[in-house]
Each structure stands twice: as structure tokens, then as C-alpha cells.
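Listed here are the chains, written in short residue letters.
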Amino acid sequence: MEFLQQLINGLALGSIYALIALGYTMVYGVLRFINFAHSDVLMLGAFSAYYLAPAVARVLPLPSIGGALVVGLLACLICAGLGVLIERLAYRPLRSRPKLTVLITAIGVSLFIEYTGQHRAVFGADTKRFPELMPGTEFHLGSLIVGSNDLVVLVTTLLLLAGLWFIVHRTKVGTAMRAVSHNQQAAALMGVDINRIIAFTFALGSALAAVAGILYALKAPGIDPLMGVQPGLRAFIAAVLGGIGNLPGAALGGLVIGLLETFAGGISGLSNYRDGIAFAILILILLFRPAGLLGKVTVEKV
Amino acid sequence: MHMRGRILLLGGAIGLVAAALSGCGGTDSGAILIGEFASLTGKEATFGISSHQGTALAVEEINAAGGILGRPLELRTEDDQSKAGEPANVVNKLISRDGVVAVLGEVASSRSLEAAPVCQANKVPMISPASTNPKVTESGDYIFRVCFIDPFQGTVMANFASKTLRARKVAVFTDVKSDYSKGLAKFFKEGFVKAGGQICAELDFNGGDKDFKAQLTAIKAAAPDAVFVPGYYTDVAIICIQAKQLQLSVPFFGGDGWESEKLVEIGGAAMEGHYFSTHYAADNPTPRITAFVEAYKKRYAGKTPDAMAALGYDSVMFLADGIKRAGGTEASGLRQALAETKEFEGVTGKMAMNSQRDAVKAAVILQIKGGKFRYMATVAP
């Protein structure tokens, strides 16, 4: 029974990592660089919802599913805008520079957002209570307990994964994204508006981050400007584990890390080594499959 | 602006003349510089902000009453961002750049432990308001604290668990990132086993984690009568929420790291009925506490002072008392006076310094009821 409960816990945690990893892997797929500010956009998503909730509550009842959707949608729009802004101000001027320059800039942007957010005039450093957006309950299957929020996370992740896959593989803008990913110059010569496509990629990735941020905050309703750091790191590793640039890989990687962490963390006396055990297994996997779990299965990487 | 500039210039000129007249005695006439390092940003920011507000209030009150030995206090505050590595930097800065006569800080033991060797090496007295790990004052004879230590707090909670809660099996859930949590867990376990209890599960987490269900599921499987969580409030609140979701419905209890208004703000209904030990209770009706609570509320927009604020306040008053008895701020004399404190009456109770320069004083136990901290009992040392 304990095993099954841990399986549920692990899947619930893993699907959040999976959702965050989708954002990392998508931007990497198009631009070939890790957007380290992704985890901070996640935080901005949670804070957007935190400040939006009282305003929305005046029109729609909260907690309710409709209210949660409206708050989520608005937070997605805000984060999409911020994502585009970050790309425009910090990454676009460096597009022709070596990838390392952009990578270091991304770390700079990440730290900038984290520490600006901690300033008293912005969010402040203290932890804030995240409002209850959705009515939450627990389902009992014998002695097993499944939280409704966990189911929401799992379903959202699957839906978004399917939606992203559809956008990338079945739409015109997705074709353009894949073209930019293969060769920017050639794509530009074929009439693809590179700036627009990259901006779109960032908007999409940041909206994903907003969803992840809100779901993460519903799970652990204390939010602070550094809340993105830990899940961001895990999700980044999940993206690498799954084969960076590969969408289903990111989702799979997230689930694997969530499960590893949960099973390692549930051992009395060994939970101290939770991350150690999880990441040692991860290193082993990468030794045997350097391109990640699904890295070689698909030829096209987006 | 012009006016102020001129006054400043004038003041500066007078200062220069005064310094010239008194020769090298510049340190004996002007303000007494006190350094403070606190976690004003970062993970334990509410602790740092509380202790800083208490500290600042005490300095303001002393200055309003004419200062110490006729000299005003001047507080220089540095933020260590709740980060490992920062305390040593900022304390070095306070000592070598500002030339402070004493250093106040920190709440978290891990960070006090970083700063203590720096203060000891420079022979600048350091007073920690709220670091309860015993190792802090072992750094040297210039390091003091105005709070009790974890062996005492751990024993108090062990007796509480076995006598008041009548628990036979307790699970311990420790934050392995924090010296405070590890120390308190150790002393609790020793005390509880001595009192005839059994530790049925020992699980660990990393401060800042947001998912505790793995460990809580294992704890639930061990069927404890109560769970001891010697962690900090942000983690504890989320631990209790997730425990409630897993229907782990036994009492949770912890130490002074729980005390923050944020605990119930974040934890909400999941915190109901749980217990923790701390340094003082704002609703304990002694005249000294009532006066302090009123002054603090007036100064900080109605905010109720928590234990960290009260200890920050006491750390300044304790230092002021030492400076008065030493008759000045000369380091070895001040150290001597502080170490010889026999009876100091603070907001957090009566205290004496023992040979280890730890405060010997009582602890209080609070219960969370109706979203408020309710005073339950005082446990004397």
C-alpha cells in the first residue's frame, strides 16, 4: 500500500516537473540554448495569479473552476508578454553572438528577476500565501489518497503536451519553428520571419511556465521570489534526461525524476540522500544513453 | 536640500574641530556604532526582518532616552540574504570598514556559526539574538546569545511529548540543511528516549523543498502518536498542509523556528491544534511584555512582535546593559561585563549568562488555536 501511495505521490510531483521541462525543451529546440530564466517566469506566473485572484474574485466566485481558468489565462497572457519582453531586451541583441554569451545572459536575467522580486517595492522576500483557486478534495481508493489537484496537474500536463505536439507538427507556425530550429539563415531566406517565430516560441514557453507556476503554487501554497529555483533545476535535468529538445522526452524525464525523488525520499533514514540517490541514478542513465531517454528516437528535434 | 547640506557641513566642521581638540579620543565622544547582520531577504526573511525591527526599536528607544553614557547608538545593518557565505563577508565589512564595537545577529544558527569566528578573531563581541544551536558560542569567548539553547529546548519538547501529549511513538522529521534543525532533533531524540519513548521513524527534508509527501507517507506508515518537526515556518506550514491531505492526523510539534505569523497565514486550518516551544508569548500578560508589544505595534503599523522581534530587542538592551556596566566600549572590558551578567530582565524573561555565554532562561509552549498562538505553559530551566 505504501508503495502504491508513493507511486501516486511520485507521479503527482513528476507531472509538475514534466510541465516545467516542456518549456525548457521547447525553447532549446528552437534556439539551442537553455533559457535559465524559465524558472523565474514560473515564479512570475504564480505571483501574477496571486495579485489577480482578488480582482477576479469580485467578478467570479473563487475557489471555482471557472475562476481558476480566468486567473490562469490572464497569468498566461502576462507571462507570455514578459517572455517576449525578455527575449526582445536580453536575448535578441545577442543572437549572432556565441551561444555561451546568451547562456550567461540567461543566468543574469534569472538572477535579475529573482533579486528584483525580493525587493520590498516589488514582491518582497517573505513567503506569501497563495490563494485557493480551485476547490480541492481528496479521493480515497481503499487506503490510497489521490488529491484532486494532483489529477488536475497530470491531466493539464498531458493536454499541454498533446497541444504543443500539435502546434509544432501540424500547424504552419510549428513548421516555421522547426525550420528555424534546423537552420535560421535558410529559414529566413525561405521567407520565415525569424523574429516573429522566436518571439512566439518565448510567448508559448512563458505561458507554459505560468501554468506550471500556478499548479506548483496550488500544491505548496507558499510562494516567494525564489520558488522557481528548485523545481526549475529539477525540470532542466528532466529535460536533459528525456533528451533535450524532445517534447515527450521532457514529459517522461519529469515523471522519472519525480518518481526517483519520491521513492528515495520515502525511505526512513535514507531520505537525507533523496537528491543524491535520484541524481546518481540519473547519471547512470545518462552514461548509457548520453542523448537522453528519447533523444535518439526522434530525428526531428523541436 | 541646501539648508540640510549646510547643516551637515556645519556638523561635519564641528565634528572635525571636536575630534582635533580631543586628540585621538574620537571613539569616546560620538555615536556608539553597532553592527547588525540579518536575513532581510531570502528564505528566512521574515525572521531577519522581525529581529531587525526589534533591534531598531530598541536602538530608537535608547536614543530617545538620551543614549548610553550620554552617547547615542548608531545601528549599521547588513543583509546576508539568508545565504551561506554572506555572513562572514558582511560581518567583515562591519568590523573593518565601519569599525563597530559589537555585532548583533543572526537568527539562523548556520549563519551565526559563520560570523562567530570572524568576530572572535577581531575580538569584537557578538550577540546572537536567537541562534539556539550550542556550537554558536563555542566559537570563542567573545560570542554571546540572549536565547536558550537547543539541548534545553529539545528536552522541554521531549518532556512535553511524553507527559502532556502522552505520546509513546514519535516520528522526527528534520531539515538536514539547517544546523538548528539537526541539533534540535538530536537533543529531542535523546530526551524522548530517556523519558521512555520510542522514535519510530526518522525522515529528512531539505529546507525549501515544496513536496514532502514521500516522507510523510513513510511517516504515516510508521503510525506515530505525534510528529516532531524542528524546522522553519515556511517549510512547516507546507508540511502540515500535505500531512493533512494524506490524513496524517496526529499532533505535530516543533521549536521556535515555527514562530511567525506566516505559519498560520500559509498553513491555515492545517496548523490547528499543533504545538511549538519558543522564547516568549505576546499574549502572556506581564507589564514588560505588554509595554513592548504596544510600542512595537505603534512603530510597525499594528504588527504583533514575534519571538525574533523580542529577542532582537533584548539583544540591544543586553548590550546596552553591558556597555553601562563596563563604563565604555573597550572590547575586553565590554566582553567581561557581558560575560558577568547575573540578572538581566528582558522582554523574553529573566536571564543570566552561564560560563558558556549562553542565556539561562525559561521557555514557553504555545498552541495554535483558531489561527492564533495561545500561551500554554512556561517551562523554567
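Residues numbered from 1 in each chain as written. Chains lettered and ligands numbered in written order. Predicted model: local features only at pLDDT ≥ 70, side-chain atom pairs only at ≥ 80, totals over all residues. Heavy atoms only, no water.

A. Spotlight on the overall build of chain A. A tally of regular secondary structure across chain A gives eleven helices and four strands. Projected onto the principal axes, the alpha-carbon positions of chain A cover approximately 60 × 50 × 35 Å. Taking all 302 residues of chain A together, the buried fraction comes to 54%. Looking at chain A alone, contacts between residues at least 24 apart form 73% of all its contacts between residues at least 6 apart. Of the roughly 12900 Å² of accessible surface on chain A, 72% is carried by carbon and sulfur atoms. On chain A, the mean spot of the 20 positive side-chain charges and the mean spot of the 13 negative ones are 12 Å from each other. (Helix = DSSP H or I, 4+ residues; strand = E, 2+ residues; numbered from the N terminus. Buried < 20%, exposed > 50% of the residue type's maximum accessible area, 1.4 Å probe, protein only. Contact = heavy atoms within 4.5 Å. Areas by Shrake-Rupley, 256 points an atom, 1.4 Å probe, with all protein chains shown as cover. Lys, Arg positive; Asp, Glu negative; His and termini not counted. Charge placed at Lys NZ, Arg CZ, Asp CG, Glu CD.)

B. Up close: the pattern of salt bridges. Residues and elements named next belong to chain A. Under the counting rule described, the total for this entry stands at 23 salt bridges over all chains. A salt bridge links glutamate 87 to arginine 95, with the nearest nitrogen and oxygen atoms 2.8 Å apart. Classification of glutamate 87 by relative accessible area gives buried; the value is 1%. Among the ionic pairs, aspartate 126 bridges to lysine 128, the shortest N-O distance being 3.3 Å. (Salt bridge = Lys/Arg side-chain N within 4 Å of Asp/Glu carboxyl O.)

C. Summary view of helix α6 (residues 172-182) of chain A. Every buried residue of α6 of chain A is accounted for by Gly174, Ala176, Met177, Arg178, Val180 and Ser181 of chain A. Of the surrounding elements, those touching the buried residues of α6 of chain A are α1 (2-31), α5 (148-170), α7 (184-189) and α8 (194-219) of chain A.

D. Focus on the sheet that holds strand β12 (residues 349-353) of chain B. Residue and element names in this part refer to chain B. Pairing is antiparallel in the open sheet, where three strands are placed in the order β11-β12-β13. Two strands close off the open sheet at either side, each with one partner strand: β11 (344-346) and β13 (359-360). As paired elements, β11 and β12 share three bridges and run antiparallel to each other. When the bridges of β12 are listed, glutamate 345 appears paired with lysine 350. Helix-sheet contacts for helix α12 (residues 307-326) involve β11 and β12, and the interaxial angle to β11 is about 155 degrees. (Pairing = 2+ DSSP bridges. Axes fitted to C-alpha atoms, helices over the stretch in contact; angles between N-to-C directions.)

E. Molecular detail of the packing of α1 of chain A against α8 of chain A. All names here are of chain A. Put simply, α1 and α8 touch, their axes get as near as 9 Å, and they point 165 degrees apart. Between α1 and α8, the interaxial angle falls into the category roughly antiparallel. In terms of crossing hand, the pair formed by α1 and α8 is left-handed. Of the residues in α8, those in contact with Ala12, Leu13, Ile16, Leu19, Ile20, Leu22, Gly23, Met26, Val27, Val30 and Leu31 of α1 are Ile198, Thr201, Phe202, Leu204, Gly205, Leu208, Val211, Ala212, Leu215, Tyr216 and Lys219. In terms of residue class, the contact of α1 with α8 is built from 18 nonpolar, three polar and one charged. (Parallel < 35°, antiparallel > 145°, perpendicular 65-115°, else oblique. Left-handed = near helix turned anticlockwise from the far one by under 90°. Nonpolar A, V, L, I, M, F, W, Y, C, P; charged D, E, K, R; others polar.)

F. Structural detail: the environment of methionine 1 of chain A. Residue and element names in this part refer to chain A. Residue position: methionine 1 is located in the segment before α1. Overall, the relative accessible area of 59% leaves methionine 1 in the exposed class. Taking the C-alpha atoms as reference points, methionine 1 and serine 15, 14 residues apart in sequence, are found 21 Å from one another.

G. Local environment of unusual backbone geometry. The omega angle of the peptide bond from leucine 62 of chain A to proline 63 of chain A is -5 degrees, so this bond is cis rather than trans. Along the chain, glycine 105 of chain B connects to glutamate 106 of chain B via a cis peptide bond; the corresponding omega equals -5 degrees. With respect to the helices and strands, glutamate 106 of chain B occurs in the loop between β3 (102-104) and α5 (109-122). In this model, serine 82 of chain B sits at a positive phi of 60 degrees, which is unusual for a non-glycine residue. According to the relative accessible area criterion, serine 82 of chain B is buried, its value standing at 15%. Notably, alanine 223 of chain B is not glycine yet its phi reads approximately 50 degrees, a positive angle. Relative to the elements of secondary structure, alanine 223 of chain B occurs in the loop between α8 (213-221) and β8 (226-228).

H. Representation of a nonpolar patch on the surface in the model. Where nonpolar side chains cluster on the molecular surface, the patch consists of Met1, Phe3, Leu4, Leu7 and Leu11 of chain A and spans about 460 Å² of accessible area. The residue phenylalanine 3 of chain A is located in helix α1 in this model. (Patch = residues over 30% accessible without salt bridge, like charges linked within 9 Å, V, L, I, M, F, W, Y side chains within 5 Å.)

I. Structural context of the sheet that holds β3 of chain B. Residues and elements named next belong to chain B. Spatially, β2-β1-β3-β4-β5 is the arrangement adopted by the five strands of the open sheet, whose pairing is parallel. The open sheet has two free edges, formed respectively by β2 (73-79) and β5 (143-145), since each of these has just one partner strand. The sheet shows a mean angle of 25 degrees between the axes of neighbouring strands, taken without regard to direction. Looking at chain direction, β3 and strand β4 (residues 126-128) are connected through two bridges and run parallel.

J. Structural context of the packing of aromatic side chains. Inspection of the entire model under this criterion finds 31 aromatic pairs over all chains. On the numbers, 5.0 Å between centres and 75 degrees between planes, the contact of phenylalanine 33 of chain A with tyrosine 91 of chain A is edge-to-face. Residue phenylalanine 33 of chain A is found in the loop between α1 and α2 (38-59), and its partner tyrosine 91 of chain A is found in helix α3 (residues 65-91); the two are separated by 58 residues along the sequence. Phenylalanine 33 of chain A sits in the buried class, given a relative accessible area of 4%. Overall, the relative accessible area of 3% leaves tyrosine 91 of chain A in the buried class. Note on phenylalanine 188 of chain B and phenylalanine 253 of chain B: the rings are 5.6 Å apart at their centroids and 65 degrees apart in plane angle, and the pair reads as edge-to-face. Here phenylalanine 188 of chain B, found in helix α7 (residues 179-194), pairs with phenylalanine 253 of chain B, found in strand β9 (residues 252-254); they are 65 residues apart in sequence, far enough to count as distant. Through successive ring pairs, a cluster of aromatic residues spans Phe160, Phe188, Phe192, Phe228, Phe253 and Tyr275 of chain B. (Phe/Tyr/Trp six-rings, centres within 6.5 Å; stacked < 30°, edge-to-face > 60°.)

K. Broad picture of the interface of chain B and chain A. Of the residues lining the interface, 38 residues belong to chain B; the matching set on chain A comes to 35 residues. Taken together, the two surfaces of chain B and chain A that pack against each other cover about 2900 Å², and 50% of this comes from carbon and sulfur. On inspection of chain B and its partner chain A, the count reaches four salt bridges. As a salt-bridge pair, lysine 219 of chain A and aspartate 211 of chain B come within 3.1 Å of each other at their nearest N and O atoms. Viewed at the interface, chain A and chain B are joined by eleven residue pairs in polar contact (both at pLDDT 80 or more). Listing elements by their share of the side of chain B that touches chain A, those giving two or more residues are α3 (45-64), β7 (198-205), α8, α9 (233-245) and α10 (261-267) of chain B. Here the side of chain B that touches chain A gets seven residues from one element, more than from any other, and that element is α8 of chain B. Tallied by class, the residues present in the side of chain B that touches chain A amount to twelve nonpolar, 15 polar and eleven charged. (Buried area = accessible area lost by both parts, 1.4 Å probe. Polar contact = N/O pair within 3.5 Å; in protein donor to acceptor, adjacent residues only side chain to side chain.)

L. Here's a closer look at α1 of chain A. Residue and element names in this part refer to chain A. Here α1 spans 43 Å end to end across 30 residues, near enough to the 44 Å set by a 1.5 Å rise per residue. Of all 30 residues making up α1, 24 are buried, and the element is well covered by its neighbours. Of the residues trailing α1, arginine 32 is marked for its positive phi of about 60 degrees. (Expected span 1.5 Å × (residues − 1).)

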